[in-house]
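Per-entry structural report
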Amino acid sequence: QLQLQESGPGLVKPSETLSLTCTISGDSISSNNHDWGWIRQPPGKGLEWIGSFYYGGRTYYNLSLKSRVTISADTSKIQFSLKLSSVTAADTAVYYCARLSRGGIDYWGQGTLVTVSS
Amino acid sequence: QSALTQPASVSGSPGQSITISCTGSSSDVGAYNYVSWYQQHPGKAPKVMIYEVSNRPSGVSNRFSGSKSGNTASLTISGLQAEDEADYYCTSFTTRNTLIFGGGTKVTVL
């Protein structure tokens, strides 16, 4: 059974870089059948796609975040990461990593809350 | 890119049927049959209920069904039950190889 687990600091200072890692069990990012990505949800608000990638292929980002986001795969092939630079309070959210399939998302991590505050 | 348009809330009595709409454009909902629907209970991660417009993953009740006409997709929940009370989100793959979410619909079981 595929499982995804987000990890990283729960508190980030304004203007710094948010860094999260997603660890996969039960699959590999090189399986080439799926994209992998990140979604976030500010407290009390809706879901927002941040970006996703296909191993060995391109990475696509939400245009509203593109200048600040980097999603990359680890050489271990069971981890991938999210970096979001120059964060503000508006970046406070639950961040989910996910596996994409058939144009949607078939597996989600449990999510991790990241708060931007000094 | 603007979010897909969903009603903020929909309600129904137990046993009734409700339908949630998800309106986009010819660049997303209308472009492909890649519309999915997710159910989210408070404090939980979303769960896929429908993928590729009308397909149900294994384990999802057949009370959930999806359809699409033009730039609008719909999720119908029949035989509404108390456990269906949750937030529901649609997503669509887009012609820019991105994913776009709807704003979410809160379903209340009266």
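Structural data are supplied above this passage.
Residues numbered from 1 in each chain as written. Chains lettered and ligands numbered in written order. Predicted model: local features only at pLDDT ≥ 70, side-chain atom pairs only at ≥ 80, totals over all residues. Heavy atoms only, no water.

1. Points about the state of the cysteines
We count it as follows: Note on terminology: pairs of cysteine sulfur atoms within 2.5 Å are recorded as disulfides. Numbering of helices and strands runs from the N terminus, with a helix taken as a DSSP run of H or I at least four residues long and a strand as a DSSP run of E at least two residues long. Any residue under 20% of the maximum accessible area for its type is buried, any over 50% is exposed, and the rest in between are partly exposed; the area is computed with a 1.4 Å probe on protein chains only.
Inspection of the entire model under this criterion finds two disulfides over all chains. Linked covalently through their sulfurs, Cys22(A) and Cys97(A) form a disulfide whose S-S length is 2.1 Å. Since a negative S-S torsion denotes a left-handed disulfide, the Cys22(A)-Cys97(A) link at about 60 degrees is right-handed. In this pair, Cys22(A) is assigned in strand β3 (residues 18-25) and Cys97(A) in strand β9 (residues 93-101), connecting sequence segments 75 residues apart. Accessibility assignment for this pair places Cys22(A) and Cys97(A) in one class, buried. Here Cys22(B) connects covalently by a disulfide to Cys90(B), the sulfurs 2.0 Å from one another. Between Cys22(B) and Cys90(B) the sulfur-sulfur dihedral comes to about 80 degrees; the bridge is accordingly right-handed. Here Cys22(B) is found in strand β2 (residues 18-23), whereas its partner Cys90(B) is found in strand β7 (residues 86-93), with 68 residues between them in sequence. For the residue pair Cys22(B) and Cys90(B), the accessibility class agrees, reading buried in each case.

2. Some remarks on the pattern of salt bridges
Test applied: Basic side-chain nitrogens of Lys or Arg form a salt bridge, by our definition, when they fall within 4 Å of a carboxyl oxygen of Asp or Glu.
Summed over all chains, the structure comprises six salt bridges over all chains. The salt bridge partner of Asp91(A) is Arg68(A), with a shortest N-O separation of 3.0 Å. Residue Asp91(A) is found in the loop between β8 (79-84) and β9, and its partner Arg68(A) is found in the loop between β6 (59-61) and β7 (69-73); the two are separated by 23 residues along the sequence. For Arg68(A), a relative accessible area of 21% gives the class partly exposed. Arg63(B) is the partner of Asp84(B) in a salt bridge, and the nearest nitrogen-oxygen pair spans 2.7 Å. With Asp84(B) in the loop between β6 (72-77) and β7 and Arg63(B) in the loop between β4 (47-50) and β5 (64-69), this pair connects stretches of sequence that are 21 residues apart. Residue classification places Arg63(B) among the buried positions, given a relative accessible area of 13%.

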